[in-house]
Amino acid sequence: MAKTSYFHLMKHFLPFTMTLMVIQSCVVPPTPLDSGVSLNLVNERKRSVSNIEYDLSFLIPESKLEMITANETMRFHCAEIDNLALDFKESSLNLKQMSVNGNPIDPSVINEHIVIPKKYLQEENVVEIEFIAGNLSLNRNEDYLYTLLVPDRARTVFPLMDQPNLKAKWQLSLDIPAAWEAVANGPVISVEVADNRKKISFEQTRPISSYLFAFAAGKFQRMSNPEGDMTMYYRETDTLKIQRNAPEIFSLHRKALDWLETYTGIKYPFQKFDFALIPTFQYGGMEHPGSIFYRERSLMLDESASINQELRRASLIAHETAHMWFGDLVTMDWFNDVWLKEVFANFMAAKIVNPSFPEIDHDLRFLLAHYPAAYAVDRSEGTHPIQQPLDNLQDAGSLYGAIIYQKAPVVMRNLESIIGETQFQKGIQTYLNNFSFSNATWDDLIGILSKYSDLDLNQWNRDWVKKSGMPEISIQISDRMLDFDLVNSHDNQIWPQQITLSLDQDRESFMLTEKSQIEVDDRKISINSNGRAYGYLNFSPDLQKYQNDDLSHPDDLIRASSWMTLWEAFLHKKILPQEIYQCLLMALPSEKNPLILDYLSDILQTTYWHFMTDQRPQIQKEIESILFKGMTQETDESLQRIFYNAYSSITLSEVGIQNLQKIWAGNLPAFQLPLSENDKIRLALQLAVRNTPDVQKILKDQMDLTRNPDNKKRLEFLMPALSSDQGVRDHFFESLLLEENREQEPWVSEALSYLHHPLRARQSEKYILPSLQILPEIKKTGDIFFPKAWLDATLSGHSSTQAAKIVTDFLKDHPEIAPDLRNKILQSADILFRSTEFND
């Protein structure tokens, strides 16, 4: 909803009650108060605050155009009595009444804070506020809403002290339409229905940080597992899809909980375990204790889902469940250590998933799930350390990305191998027990782990966590000796790690130093044969034969590791696009491992669209033929789907497009892969971006065929981005520059990817500059992953020198742009920059 509409409606304010009990510290706020939540303010409040409780109620109207009214009461203890600043990122007009310890005061918001004067405060305090809830983080849709308050969005909804190290107990009541359901952190303790309204009261929670407080309300369905200790809330309307997915969804959660209780030695620490599946959810998932939120299609898989999709679902469930211990039970003290909760969620998820997929090589899965995404950022000029400085919580969203989600688990596994799995587990158990329902820093953890290791972890900690970048390791062979040379060592950064070699049937590992030498004799060499080395392995020309041989090695891990090494060599201009393309053509028909084939498909599409723009007409027939055979002749559905996804992505020939139309219509007998509603929508959009004949009829028919109401709304939103009329696309892009048109962020990202599709890249170059110029606003108004998603969708379709120049000129002309945004631009533009080096 536009801000003008919101404030216009303020005059319709309805009575409402919300109680916020906070046992917190009272401190002298900075003068003048900074906007956001500054580290100075956080430290001052932390010194005095304790025993926080929040009691909250919201009256939610059926129409999203009406305001949500609230009352709140805060209770908190002050060790020191001084002026107290509450955080509230809304207008003073939202505040209706306020009292402190029974004394009415005239509330006002100054620079996103409400300041309570010292004269009203005492050792035990009660603050009551009647107000209108802010809309920014309530994600209001026509018949449902949900909160998403990470990292500092609680203050956009109600006044509080919004910082992770002031944990609180929360009690909530919701007054909602009678036909709606609701889920929150605490168990339901009462439900009252009268006059087409329903009032639900929830039990007080155990201590959690403010960014973990959550509720969702709307037209959801409910389903519980047979044991009755988990409830799933969902909006999917396909009954067969629900019945097919629900048992596995519950089972994966149960397995994750059981594994974590065993590993940590701590029973599930919260009162209940529910989760909600939300169609428009911005992330894969969010770890609210007692009320995990997921993007619905991440868990509700189609009947023909590939093994990769099943693994991703299992990993996502394990990730969010692991957060119950790592992030919720023990929370980082400040968001500069946000990586600490994410690294353990991903690291533990990799361990949790293994038993559910005994047929999968999980070392291979770890390699392909983490290294490519980490390298994509770490090789760019926009890379950064795992642990980053943070002066204000309003900037915490920019800390998220592949470095903490993908690189950090690699680094943590490296640390586990140095310490040993048993000692590492003991250290983690000590950490969780010492800081349960409290906060901790990375230095707290590394101090504990140091006691379980004979090695000095200071160098490791500094090189891998505190500093940025990835090692470049030059590898040469001479006189039956392999020489390893750390090329980019600077400031004594040596990235200590083990390197493993296969020499014939033997494996040897050694700790890499700045210069290392291994005797290999005349044995067959496979370098990094366990796939654990992190960095750019720069093979000398005389080692290229060994690498090429390993591209077809029977060992899956060696083969995948070799492909990743070859891809990095290509991106560092050691080989030409035609060379890697030919290697891929040879490998695709014979690759039977779906994890590796999926990776090869990804780099094939990147090569095709970004590095072979001039050669596409010459190679089109050959590559389409290989992919068509794969999707029609493979018997394994996972392999069929990978070939189909690649075919539908890159097909341009007249025959190929006709095949896609027949597949969409169900008239290609050779194609036996079942397609879901989402598959059919995606295929219709792929046809639209190619301006195929009858495309308007295809889109209209697809709209009529779409049964899921949320899918229908998504398709309606995307239509203008697919229009063959440039004027319609221009108008649609301009509409995205207005905040109210970016509410559904996943839809916006998808629409941008079609606007900037490589087939329309020339026409969309004019969108790049305004997309960069609005980036600070995207950061301010969007959720934590949206700035990077906005940039990826904007730049990922481009490979021209002109597009690259727009980006470099913008960076040169805007030295004032925030460093975190500059880094994200450089990350998203990395393939664009590299493609222009080849295409010039």
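Please refer to the structure placed before this passage.
Predicted, not measured: the structure shown is a model, and the values here were computed from it. (Residues numbered from 1 in each chain as written. Predicted model: local features only at pLDDT ≥ 70, side-chain atom pairs only at ≥ 80, totals over all residues. Heavy atoms only, no water.)

**Q** I'd like a rundown of the overall build of the protein, residues and numbers included.
**A** Assigned secondary structure in the protein consists of 30 helices and 27 strands. Whereas a compact globule of 840 residues would reach a radius of gyration of roughly 28 Å, the protein reaches 27 Å, a difference of no more than 12%. Counting only C-alpha atoms, the protein reaches 85 × 70 × 60 Å along its principal axes. Contacts in the protein between residues far apart in sequence, at least 24 positions, make up 74% of those at least 6 positions apart. Put simply, the protein shows about 31500 Å² of open surface, and 48% of that area lies on carbon and sulfur atoms. One way to put it: in the protein the 82 positive side-chain charges average out to a point 3 Å from where the 113 negative ones average out. (Helix = DSSP H or I, 4+ residues; strand = E, 2+ residues; numbered from the N terminus. Rg over C-alpha atoms; globule rule 2.2 N^0.38 Å. Contact = heavy atoms within 4.5 Å. Areas by Shrake-Rupley, 256 points an atom, 1.4 Å probe, with all protein chains shown as cover. Lys, Arg positive; Asp, Glu negative; His and termini not counted. Charge placed at Lys NZ, Arg CZ, Asp CG, Glu CD.)

**Q** Account for the pairing of strand S3 (residues 84-87), naming residues and giving values.
**A** On a regular strand, each side chain points to the face opposite its neighbour's, so the side chains alternate between the two faces of the sheet. Taking every second residue as pointing to the same face, both faces of S3 are buried, with Leu84 and Leu86 on one and Ala85 and Asp87 on the other. In the sheet, S3 pairs with strand S6 (residues 113-116) via four bridges, with the strands oriented antiparallel. Across the sheet, residue Leu86 finds its bridge partner in S6, namely Ile114. (Buried < 20%, exposed > 50% of the residue type's maximum accessible area, 1.4 Å probe, protein only. Pairing = 2+ DSSP bridges.)

**Q** Before we move on, could you go through the environment of Arg365 and cite the residues and values that matter?
**A** Following the sequence through the fold, Arg365 ends up in helix H7 (residues 362-378). Given a relative accessible area of 16%, Arg365 falls into the buried group. With 57 residues separating them in the primary sequence, Arg365 and Asn308 have C-alpha atoms 9.3 Å apart. Setting aside residues no more than four positions away along its own chain, Arg365 makes contact with Leu311, Arg312, Ser315, Ile360 and Leu595.

**Q** Kindly report on the environment of Lys515, identifying the contributing residues and their values.
**A** Checked against the element boundaries, Lys515 lands in strand S25 (residues 515-519). Here the alpha-carbon distance between Lys515 and Asn538, two residues 23 residues apart in the chain, equals 14 Å. Residues contacting Lys515, with those up to four places away along its chain left out, are Phe484 and Asp485. At 3.1 Å, the side chain of Lys515 forms a polar contact with the side chain of Asp485. (Polar contact = N/O pair within 3.5 Å; in protein donor to acceptor, adjacent residues only side chain to side chain.)

**Q** Please give an account of the pattern of salt bridges that cites residues and values.
**A** Following the criterion strictly, the structure yields 44 salt bridges and no others. Two residues, Arg413 and Asp363, come together in a salt bridge whose shortest N-O distance is 3.9 Å. Highlighted residues: Arg413 in helix H8 (residues 402-419) and Asp363 in helix H7, separated in sequence by 50 residues. Residue Arg413 is classed as buried on the basis of its relative accessible area, which comes to 7%. Three or more residues are tied together by salt bridges with common partners; here these are Arg379, Glu568, Asp830 and Arg834. (Salt bridge = Lys/Arg side-chain N within 4 Å of Asp/Glu carboxyl O.)

**Q** Mind laying out the packing of H7 against H8, listing which residues take part and the relevant values?
**A** For the pair H7 and H8, the least separation of the axes is 8 Å and the interaxial angle reads 130°. In terms of orientation, H7 and H8 fall into the oblique class. For the element pair H7 and H8, the recorded crossing hand is left-handed. Every residue of H8 that contacts H7 at Asp363, Phe366, Ala369, His370, Tyr371, Ala373, Ala374, Val377 and Asp378 is listed here: Ala402, Ile403, Tyr405, Gln406, Lys407, Pro409, Val410 and Arg413. A per-class count over the contact of H7 with H8 returns 11 nonpolar, two polar and four charged. (Axes fitted to C-alpha atoms, helices over the stretch in contact; angles between N-to-C directions. Parallel < 35°, antiparallel > 145°, perpendicular 65-115°, else oblique. Left-handed = near helix turned anticlockwise from the far one by under 90°. Nonpolar A, V, L, I, M, F, W, Y, C, P; charged D, E, K, R; others polar.)

**Q** Which residues make up the sheet that holds strand S2 (residues 69-78), and what values go with them?
**A** Strand order in this open sheet of eight strands is S5-S4-S7-S2-S1-S9-S12-S11, and the pairing throughout is mixed. Here the strands that pair on one side only, and so sit at the sheet edges, are strand S5 (103-104) and strand S11 (188-194). Relative to strand S12 (residues 197-202), S11 runs antiparallel, the two sharing six bridges. When the bridges of S12 are listed, Val191 appears paired with Ile200.

**Q** Which residues make up helix H2 (residues 39-46), and what values do they have?
**A** Leu41, Val42, Glu44 and Arg45 are the residues of H2 that are buried. Across the axial projection of H2, the buried residues extend over an arc of 165°, all falling on one side. Considering only its buried residues, H2 is in contact with strand S1 (49-59), S3 and S6. (Arc of directions from axis to C-beta.)

**Q** Break down the packing of helix H6 (residues 338-353) against H8 for me, with residues and values.
**A** The N-to-C vectors of H6 and H8 enclose an angle of 70°; their axes lie 8 Å apart at closest approach. The angle between H6 and H8 falls in the class roughly perpendicular. Contact with H6, carried on its side by Val338, Trp339, Glu342, Val343, Phe344, Asn346, Phe347 and Lys351, involves Ile404, Tyr405, Gln406, Ala408, Pro409, Met412, Arg413 and Glu416 of H8 and no other residues of that element. Counted by class, the contact of H6 with H8 contains 10 nonpolar, two polar and four charged residues.

**Q** Please set out the sheet that holds strand S24 (residues 506-511) residue by residue, giving values where relevant.
**A** A sheet is described by the order of its strands in space; here three strands give the open sequence S24-S23-S26, paired in antiparallel fashion. Of all strands in the sheet, those bounded by a partner on one side alone are S24 and strand S26 (525-527). Strand-to-strand twist across the sheet, computed as the mean angle between neighbouring axes with direction ignored, equals 20°.

**Q** Could you give an account of unusual backbone geometry, naming the residues involved and the relevant values?
**A** The residue after Val150, namely Pro151, is reached through a cis peptide bond having omega -5°. As for its position among the elements, Pro151 is in the loop between strand S8 (144-146) and strand S9 (168-177). Not every positive phi belongs to a glycine, and Asn139 is a case in point at roughly 45°. With respect to the helices, strands and loops of the structure, Asn139 is situated in the loop between strand S7 (124-132) and S8. Of the residues examined, Asn139 reaches a relative accessible area of 13% and is grouped as buried. A positive phi is found at Trp495, a non-glycine position, where the angle reads about 45°.

**Q** Before we move on, can you summarise the side chain of Ser540 with the specific residues and values?
**A** By the secondary structure assignment, Ser540 is in the loop between strand S27 (536-539) and helix H12 (544-550). Within the structure, Ser540 has its side chain in polar contact with the side chain of Asp542 (distance 2.3 Å). Not counting chain neighbours up to four residues away, the residues in contact with Ser540 comprise Ile475, Gln476 and Ile477.

**Q** Quick one: what's the story with the packing of aromatic side chains, residue by residue and with numbers?
**A** Within the structure shown, the criterion is met by 48 aromatic pairs. When the centroid spacing of 6.1 Å and the interplanar angle of 65° are considered together, the rings of Tyr268 and Trp325 count as edge-to-face. Residue Tyr268 is located in the loop between helix H3 (239-264) and strand S16 (273-278), and its partner Trp325 is located in the loop between helix H5 (307-322) and strand S19 (330-332); the two are separated by 57 residues in the primary sequence. Here the two residues Tyr268 and Trp325 agree in accessibility, since each one is buried. Pairing Phe570 with Phe838 gives two aromatic rings, centres 5.0 Å apart and planes at 20°, and the pair type is stacked. Of this pair, Phe570 sits in helix H13 (residues 556-571) while Phe838 is found in helix H30 (residues 830-839), placing the two residues 268 residues apart along the sequence. Each member of the pair, Phe570 as well as Phe838, carries the same accessibility label: buried. (Phe/Tyr/Trp six-rings, centres within 6.5 Å; stacked < 30°, edge-to-face > 60°.)

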